[in-house]
Structure formats: C-alpha cells, structure tokens
Amino acid sequence: MEKDGYDLKSPLLQHPNDLAITIVSPNKNIDKRLRTVVFRVGGVTCSSCVASIETAVERLDGVENVAVSVLQGQAVVKYLPDTVSAKEIKEAVEDTGFEVEEFPYQEIAICRLGIKGMACTSCSESTERALLMLDGVKKAVVGLAIGEAKIHFDPNVTNTDRIIEAVEDAGFVCNLISSGSDLNKLYLKLEGITTSDDFTIIQSSLESLVGVNNVEIDMEEHKATISYEPNIVGPRSLVQCIQEAGHGLKTYHATLYTPSRGKETERQHEILTYRNQFLWSCLFSVPVFVFSMVLPMLPPYGNWLHYKVINMLDIGMILRWILCTPVQFIIGKRFYTGSYHALKRKSANMDVLVALGTNAAYFYSIYIMIKALTSASFEGNDFFETSSMLISFILLGKYLEVMAKGKMSDALAKLTDLAPDTAYLVTLDADGIVISEIEMNTQLIQKNDMLKIVPGAKVPVDGLVIDGQSHVNESMITGEAVPVAKKPGDKVIGGTVNENGCVIIQATHIGSDTALSQIVQLIEAAQLAKAPVQKLADQISKFFVPTVVLAAFVTWLGWFIPGEIGIYPRIWIPTAMDAFEFALQFGISVLVVACPCALGLATPTAVMVATGKGASQGVLIKGGNALENAHKANSEHPLAKAVVDHAKKLSQKFGHLNEHIIEAKDFEVHPGAGVSVKNGERTILVGNKRLMHLFNVTLTSEVNKYISENEQLARTCVLVAIDGRAAGAYAVTDPVKPEAAVVISYLHSMSISSVMVTGDNWATANAIAREVGIQNVFAETDPLGKADKIKELQLRGVTVAMVGDGINDSPALAAADVGMAIGAGTDVAIEAADVVLMKSNLEDVVTAIDLSRKTMSRIQINYVWALGYNILGMPIAAGILYPFTGIRLPPWLAGACMAASSVSVVCSSLLLQYYKKPLHVKAA
C-alpha cells in the first residue's frame, strides 16, 4: 500500500536502486534562503486554469517553483524574498482573473536568540532598543531571566545575521536558538558522500520539493538541516528524496541525528564558566586575604610580611599586588568589557559599578605602593584584598544565580521531554485490518499516518482514534489524574500515556502544530512577556546606577573633608589609614552594595516559575494581550455540536444507507440569534425567538407554550423555520458543571463577585443562576453586548475576569482584563483568552486567580529583598552606624551582600514551585 507516494512496506532508509531519476543541476541561487507561501485560489476547475496561473507566476523573477492543485484549490510557491515579494505573487495570480483566498498578508518571520552577559534591566532595555532601531524589526522582546530575545522581523528587509550583529554591537554574546519553528526541521546525517558535487545534488534535489523552505548542509560534519511545511511534505519523503538523488553506483543514505540542545548546552557552559572563574579567583584572592587580614593578626607568623624590600615597600604588599593583578585584569576582564559596552550605548549597569569600585581600590593601592617604594618614612595601607575579594564574591553570586535560574526551566524541560522517541507505523487494508507494522523514530511521522499505541506507551502526536478502546492518562498535559476513556472518533494528545487498551490513531497534528508544542511555545512567550509591574524596575534602573555613583562620591567627600579638617575624632580612623583611605573604603562599599541585578530579576523570575507551574496544574497562562479573533465559516457553538451529534445518531438508527445528504449553502451566522442556510431551494432558520422575529416568522401559541415550559426547567429552546414558517422546536440543556456551585462559593470567600452574562433567555438564565448561587444576571445578550457589559463594569473601576468557551464569548474574552477559556471550547475562544483552563474544569478558575495572587505576592517579596538590600545596605555601607556602634561594611563584605541579593531573589521565586491548588472539588 502506498501513502503519499511512499511505500510503507519498504525499509524507511533503503535506497531504491531500480528507480530512474533526473539529476537536478546545481542552482545558482543555492546559497540563498528560499521561502514558501501557501494560499487558496478560487475558481480553479481544470488543467487550463492551473496552466494559466503557473505561467503567470513563473514569469516573476525570483520564483523558483509553482504548484497549483485543482482538487484542493491551493497554490504553493517557492520564491526568493530578496528578489520578489509575496504581495507581487498574489497580484500576479489576481491579474489572471482568479480570486486569491486565505493569503498570508504579513511577511513576518520570527527568530529567538540566546543572549549572554545581561546583568540587569538596563542591559535588557538597551538590547531591546538596539534591536528596535534595526530596519525591518517590527517587535523585539528581551527576557532578562531566561537570557533570550524573541524578534518579529520582515525577512525582505533584514535577516538573522544582521539581528545577531546588532545585539553583538550592543556588547553581548549572542547565538541563534531558532528561526521560524525548529519543530518543523529535520536533522539528517548524510552517508555516501565522496565529492563536493554530492552535496550540490542532494541540496538541489531537496530544494526542488514543494514544501521545503530551506536546506542547510554542513559539509564538514556531513549533516543536513531541512525546514519544511508539514502539511505539504513529510520527513519520510525528504529521506526518500535523498536516497533517490543517487544515480548509477552512487548511493546516498540519510539517518536521523539529534542536535545538541543549544539552550541547555549554553546554560551548562555558563554555569561551568562562572564556576571556573570563581575557583581561579579564589586561588589568588584567598592568599591575598590571608596576607592582608589574617597573618598580620597572628604574630610572629605574619612578621615576615613586614620585611622591607626597598624603602617602605614590604614583601606583603608585593605579594598582594602580584596575586591581585590577574584577578583584576584577567579574571575581571568581563567587567571592563561590560562597562565599555554599557557606556558606549549611553547606559550604566552592574559592570560599571564593579569596575569603578575595584579600579578605585586597585589603583589607589598602586599609588600606595609607589609612595612606599619612593619614601623612607611613608606608611600606608593598600586595598588589594578589597579588589580581589570583591570580584570573587561577585563571581560566586553569579555562579549561584545561574545555578538557581537553571532550575526555573525544569517544568518546561519536562514538557518537551514528554513525547516518545519511537512509534509504530501501521498499514491498513480496505477493511481496516493491519497488514504491516514498522517501528520508527517519531521524527519521521507524517500527517495522516496510522499509528498503533500499545498499553503503557506514550501517544507520539495529536491524533484521532480510528480503532480500539482504552483509557489515556492526560495528567502530564492537563494536570487531571483520572484517566480519560477513548473510543473511535475521540481525540488524543501527544505526550499522554495509553493505560490499558491497544488503539490505532490517525496523526492529525505533527511538529509545531501539536498541543504539546503549542503549550511549550505559549509558555516560552509568557516567560518573555513583561508584566506591567516590571515597568517599576525598568523605570528605577534608568537612573539607578548614576544615582549610586553620585551617592558613593558624596559619601567619600562626606568622610574625607570632615576627617581632614578634624570634625570627627582621629581615633575613628583605623591605624595605618589616613582620612582619604578611610573615606575611600566607605565610597567603594556604597558603589558595590547597590546591585541593580536583583531589582531586574524580581518580576521575570517569578513569572517564569509561575507559568511553568501553572502548566503542570492544567492552567496555561499565555501572557501578553489577547489575540485578535479569526472569522470562521461554520458554527462551532456547543449547542450546534450537540444537535449535529444527536442528528447523526438518529440518522444511523432510522436513516437509509443510500440516503444522500444535501450540502448546505449560503451558511450565515447571526450572532446571539442563530443561523440561516439554504438547503436546495429552501431557506432554513435555526435559532431562538430573536432570529424568528428578525425574519418575521410568526410563532403559534403552541410553540410559545412549549418555549415557556422548557425555559422554566432551565432548558434552551431552539426553533426551526422553513421558508418563513415555523416548522418545529426542540429543547436542549447544557448541564451545569457539578463543581460550579462550590467554585462560585469559594470565589465569594476570596471577595470576588460572580456575574452571569449569557445569550440565553431570562427564565433559563435565572434558573441556572439560582442553582449555582449567582446573584447578578444579564441574559439575552449578544456577543458584542457581552463585551459592552464588561466595558461597563470596567468603567466603574472594576477588574474583570471573563470565563467562556464559545465563539460568542470571544469578544468578551478579548475585552476583559483577564480572559479565561475552557480548554474544551472553540479554537477562537482559546485564541482570544489570556488563560486556558486545559482540564475544562471550573475549579481551575480558582487556581488561576490564586496562582496569580501568589505570584504577585512573591514579586512583592522579591522587591522587598531587592530594594531592602539597597535601602538598608547603602546607608550602612556609607557609614551611618559607624559613629554610634563602630560597625562599618568593608568593600569585600559589601560585594558579598550584593551577590546575596540576586541569589535571594531567584531562590524566592523558586519557592513558587511548591505551589498547591487551593480547591479540590471532590474533597470539598
């Protein structure tokens, strides 16, 4: 049996020697990046239509390949965006007289970058500015906590190389994590390569396939990376294409390989780098500290350090200088580099503070050395231990910080690892009997493949159950522990576990289209999105460092001038110090104790942990603004689905096998009222009383009585009219969720008011409201009326969260401050919402609100930690307690406090990982 042109009985990576092929000549544009645009064309009925469209488009310079399908009414065009635009392709088709439908107007590409070296919000803000200043960049969001940036750009104006260059010009190390969707990329190891021409043949063959966007070949490693459209071409077709590219005795083979996880590798490299720098720093700093602070306190063991070499220059000072210099200029080079780039972009960050503090200590110590070298009577105290110990403590803090930040992405890593490595591909005969079975890598699954899922195995991709029955554990996706029964026609989610029965599924969504992939992408987007509260830290960071520098200078003057003129007692100044040195230590301490890093990490680290934790609880927090709704052609209302399902059952029970169902024409949705449709020559209306009144349909007393009786029983009446006359009525009921009353009661206990806004009639709405305990009801409201009601509440100063599941709810979900979509609802509702309750369980409304409150509380605690160190630390570092208690903060200890502030904020955010749901309806 062949499926999509591929023989499923043959080995996947076998070379078919008996197949004659044509070798594609090397393409002059082989190094340029091709793009693929897919759109629908109306009115295509024959091969003549196809020929005229293809001819018109092929005339355009830069168009590499055109394919038009009569059956699907779809066109696929591969083109060079540097030469021709998608808009020109659209216009060329329209000039032939055909209508272009579902055309992707915006030519916007997306890439993700990993950025190293960002220390505070000043760094992330300056990076954003550098990106937004680049021509072609439409949107750029930089996440400080995860060290990433997501950029939307016009590929006709700029590319990823220029974007990376812009980040590096801003002074940060940058690498490309993904461009487009890495989930629609195939990574292959090539075998049978002997000459460079082999690479050209393989690349040309792959690029000639419709649906292949880009081919990158590493000639040294013999590896190929192929970006493709999963709805057009599949990974097995790509492997077969490589095999068929061979000719004569020349045979090519391709095997899958898994590229190293860039993000994980980068994080491990960063952790290792900080650890090694800290250890090297300690190797030099600890002896400096011992020679400066310990041995002089332990005579006679430290007496040798005071042995004079030249004039007043002793051995201890020379040793401290020799050991401190590598720490200051080699290990501490990163602070000089960071300061240079920060000042170059007219901003200041932590690196500037550290560089100022350590350089002040180091070069003043050099001055002391020179004075000691040239004087026979000078006595001075160097600060070499301040410089080296300060750098060591800061590196320790950064090491602990990156270690802790690595734990924040655990939830996301667990999600990405849910998909299994292998799956069983089966071939079915006409009667649905399995005639062959192959175990293969899940990366080779194509759309519409038939897959066998044995008990205990994970579902590899999203699909539809074709045969068999089982129970599937979906807790890893939805958080719901109870296995869900599955039978033919039911949907299954990739990454879930088949419990007890063997089922055969048809793959419906693969790659980036699977629910698991969508969840991961949404969480990543949420972790990049900035919460409004983050604006506080951004505003503070703009003037924070200059203020600290000014405060340090004022502190130095405040101690130096009074010390010189004798305002405070000379006994306050430690032995072997003068007023200048004494004041300098206070100034340096102020410089380094005030760390802007913790302030910038307070919000994003908490959001990062909360979004991951929410996903594991079945609450998917998108973050950002609600997405604009898409217009659908057919009804997806829950009542419509119920009616259609019931009609199908009746048809199967009482219908005839040869009965022909006439396709509906002129389908039109009347929001909040119903639908109208043409069935043959008849006009049919299906909806409520408002629809009947809209079309002037008269209702008999019998119908009105039927409506009244059912509305009192909390049922919704659906009326049917044919050609302007009432033809029937039936009652449907959407049963109240069993947990609804408990959830409403719990929300009241949280001081949250519940309001029902529904398109249903007043009698039904009031009956349901009484059942669940809702006092405020607004019924017979159309979709726009729901949105207006929300805006009306907002004008009163109320924050509104909207929970809905249908198309009718999508305007209200978008209008609300927080939109919550029930996971089993329509795609439009889910797109319009900010939060998706994946278990379709109302108790997660409480979970979402409670998790939000806990997260905000944690952010506030983080700000207390971050600002607390500065508010308390800076006055102490400035010496405010010294006149009364004799307590002062040496610069190296101030550096330790600064490092501790960042670590404490990250660890504080990690406590959200222990969050537990406040309400369990079964327990209640």
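Residues numbered from 1 in each chain as written. Predicted model: local features only at pLDDT ≥ 70, side-chain atom pairs only at ≥ 80, totals over all residues. Heavy atoms only, no water.

1. As for unusual backbone geometry
Inference 1: In the segment running from P299 into P300, the intervening peptide bond is cis, with an omega of 5 degrees.
Inference 2: If you trace the backbone, P300 turns up in the loop between α7 (262–294) and β15 (308–310).
Inference 3: Even without glycine at this site, D723 takes up a positive phi of about 50 degrees.
Inference 4: According to the relative accessible area criterion, D723 is partly exposed, its value standing at 45%.
Inference 5: Positive phi, close to 65 degrees, is recorded for S751, a residue that is not glycine. (Helix = DSSP H or I, 4+ residues; strand = E, 2+ residues; numbered from the N terminus. Buried < 20%, exposed > 50% of the residue type's maximum accessible area, 1.4 Å probe, protein only.)

2. Some remarks on helix α3 (residues 121–132)
Residue pairs three or four apart in sequence face the same way in an α-helix, which turns once every 3.6 residues.
Inference 1: Under the 1.5 Å per step criterion, the end-to-end length of α3 is 16 Å for 12 residues, consistent within 8% with the ideal 16 Å.
Inference 2: Burial within α3 is extensive, with 9 of its 12 residues counted as buried. (Expected span 1.5 Å × (residues − 1).)

3. A short note on the pattern of salt bridges
Once the charged atoms of two side chains with opposite charge are near each other, the side chains can pair.
Inference 1: Under the counting rule described, the total for this entry stands at 10 salt bridges.
Inference 2: Taking the shortest distance from any N to any O, the salt bridge between K452 and E437 comes out at 2.8 Å. Separated by 15 residues along the polypeptide, K452 in strand β19 (residues 450–453) and E437 in strand β18 (residues 434–441) bring together distant segments of the chain.
Inference 3: With relative accessibility at 39%, the residue E437 sits in the partly exposed group.
Inference 4: Of the charged contacts, one joins D850 and K854 as a salt bridge, the two residues approaching to 3.1 Å between their closest N and O atoms. Of this pair, D850 and K854 both sit in helix α26 (residues 843–877), separated by 4 residues, roughly a single helical turn.
Inference 5: Looking at K854, the relative accessible area reads 39%, which means it is partly exposed.
Inference 6: Connected through salt bridges with shared partners, the residues K789, E792 and R796 form a single ionic network. (Salt bridge = Lys/Arg side-chain N within 4 Å of Asp/Glu carboxyl O.)

4. Let's talk about the nonpolar core
Inference 1: L113, I115, L131, I151, I163 and F582 are the most contacted members of the largest nonpolar core, which has 101 residues in total.
Inference 2: Other than its neighbours up to four places away in sequence, I163 contacts C111, L113, L131, L134, V137, I151, F153 and T158.
Inference 3: In this structure, I202, L206, L238 and I510 belong to the second largest nonpolar core, which totals 38 residues. (Core = buried A, V, L, I, M, F, W, Y, C linked by side-chain atoms within 4.5 Å. Contact = heavy atoms within 4.5 Å.)

5. Notes on the sheet that holds strand β34 (residues 801–804)
Inference 1: Taken in spatial order, the 4 strands make up an open sheet running β26-β36-β35-β34, and their pairing is mixed. Among the strands making up the open sheet, the edge pair consists of β26 (619–621) and β34. When the angles between neighbouring strand axes are averaged without regard to direction, this sheet yields 20 degrees.
Inference 2: One ladder, built from 3 bridges, connects β26 with strand β36 (residues 835–837); its direction is antiparallel. Looking at the pairing, V619 lines up with L837 of β36. (Pairing = 2+ DSSP bridges. Axes fitted to C-alpha atoms, helices over the stretch in contact; angles between N-to-C directions.)

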